[in-house]
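# Examining the three-dimensional arrangement
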Amino acid sequence: QKEVEQNSGPLSVPEGAIASLNCTYSDRVSQSFFWYRQYSGKSPELIMSIYSNGDKEDGRFTAQLNKASQYVSLLIRDSQPSDSATYLCAVWFSGGYNKLIFGAGTRLAVHP
Amino acid sequence: EPEVTQTPSHQVTQMGQEVILRCVPISNHLYFYWYRQILGQKVEFLVSFYNNEISEKSEIFDDQFSVERPDGSNFTLKIRSTKLEDSAMYFCASSWDSGNGGYTFGSGTRLTVV
């Protein structure tokens, strides 16, 4: 069974702080990793993708990948109340499995 | 920006009835998917579709479910005989590559079975 695990939260951070969201996954063959943001009642929105070990930065977002530890993280700098949402980690499992599997998501609350 | 379009946004149906959920994927995408999300739960994979056939399906996608691409633009999910537990948000998604690009999701159809 291919699994993607996230802490459900809520993670509460003050406005302007760094929010750190974590994800672990169960399979070493995975090559593609994604972070989606989902507002309540809305569809998932892709915000970051990462494919190789290390950091990838895009604006206020940084994704970090460590394949040896099977660990993906998302850092949100200068958090804003509009960042309050559920953040979904998604892993594309290859090797005959070939599907994008989502974690249950971490709910982030940014308070003024 | 190109988007995936889903209709209807909300569908209420009686238990045992057939429903068809419709999607128009992004025009140059080759891979199409259906996911569902029961209220308060995770986004779950149902089925992927490529080159006019199912490429992967989950254990949820049983004989009550079917998918079709009847023309060059639409992608549909049919549930033959709905059950109460089919009530969920159903998301269509598409991608140009099976794994190396993120999926673009539609806004979803909320299905309520009564």
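If you're wondering where the values come from, they're calculated on a predicted model, not measured in any experiment.

## Brief notes about the sheet that holds strand 7 (residues 65-68) of chain B
Residue and element names in this part refer to chain B. Strand order across the open sheet formed by 4 strands is 1-3-8-7, with antiparallel pairing between neighbours. On the outer flanks of this sheet lie strand 1 (5-7) and strand 7, each paired with one strand and no other. When the angles between neighbouring strand axes are averaged without regard to direction, this sheet yields 20°. Two strands pair when backbone bridges link them, and strand 3 (residues 19-24) and strand 8 (residues 75-79) are joined in this way by 5 bridges, in the antiparallel orientation. Along strand 8, the bridge assignment pairs Val19 with Ile79.

## What to know about unusual backbone geometry
The omega angle of the peptide bond from Gly9 of chain A to Pro10 of chain A is 10°, so this bond is cis rather than trans. Among the secondary structure elements, Pro10 of chain A is positioned in the loop between strand 1 (4-6) and strand 2 (11-14). Here Thr7 of chain B and Pro8 of chain B are connected by a cis peptide whose omega angle stands at -10°. One non-glycine residue, Asn51 of chain B, lies in the positive phi region at around 55°. The topology assignment puts Asn51 of chain B in the loop between strand 5 (44-50) and strand 6 (53-57). The class for Asn51 of chain B is exposed, based on a relative accessible area of 59%.

## Considering the sheet that holds strand 1 of chain A
Residue and element names in this part refer to chain A. On the basis of which strands lie adjacent, the open sheet formed by 5 strands has the order 1-3-8-7-6 and antiparallel pairing. The sheet terminates laterally at strand 1 and strand 6 (54-58), the two strands that pair on one side only. Taken over all neighbouring pairs, the strand axes of this sheet differ in orientation by 20° on average, direction set aside. Where strand 3 (residues 19-25) meets strand 8 (residues 71-76), 6 bridges bridge the pair, whose relative direction is antiparallel. Along strand 8, the bridge assignment pairs Cys23 with Val72.

What counts, and at which threshold
- Residues numbered from 1 in each chain as written.
- Chains lettered and ligands numbered in written order.
- Predicted model: local features only at pLDDT ≥ 70, side-chain atom pairs only at ≥ 80, totals over all residues.
- Heavy atoms only, no water.
- Pairing = 2+ DSSP bridges.
- Helix = DSSP H or I, 4+ residues; strand = E, 2+ residues; numbered from the N terminus.
- Axes fitted to C-alpha atoms, helices over the stretch in contact; angles between N-to-C directions.
- Buried < 20%, exposed > 50% of the residue type's maximum accessible area, 1.4 Å probe, protein only.

The values reported here are purely geometric and, on their own, carry no functional implication.
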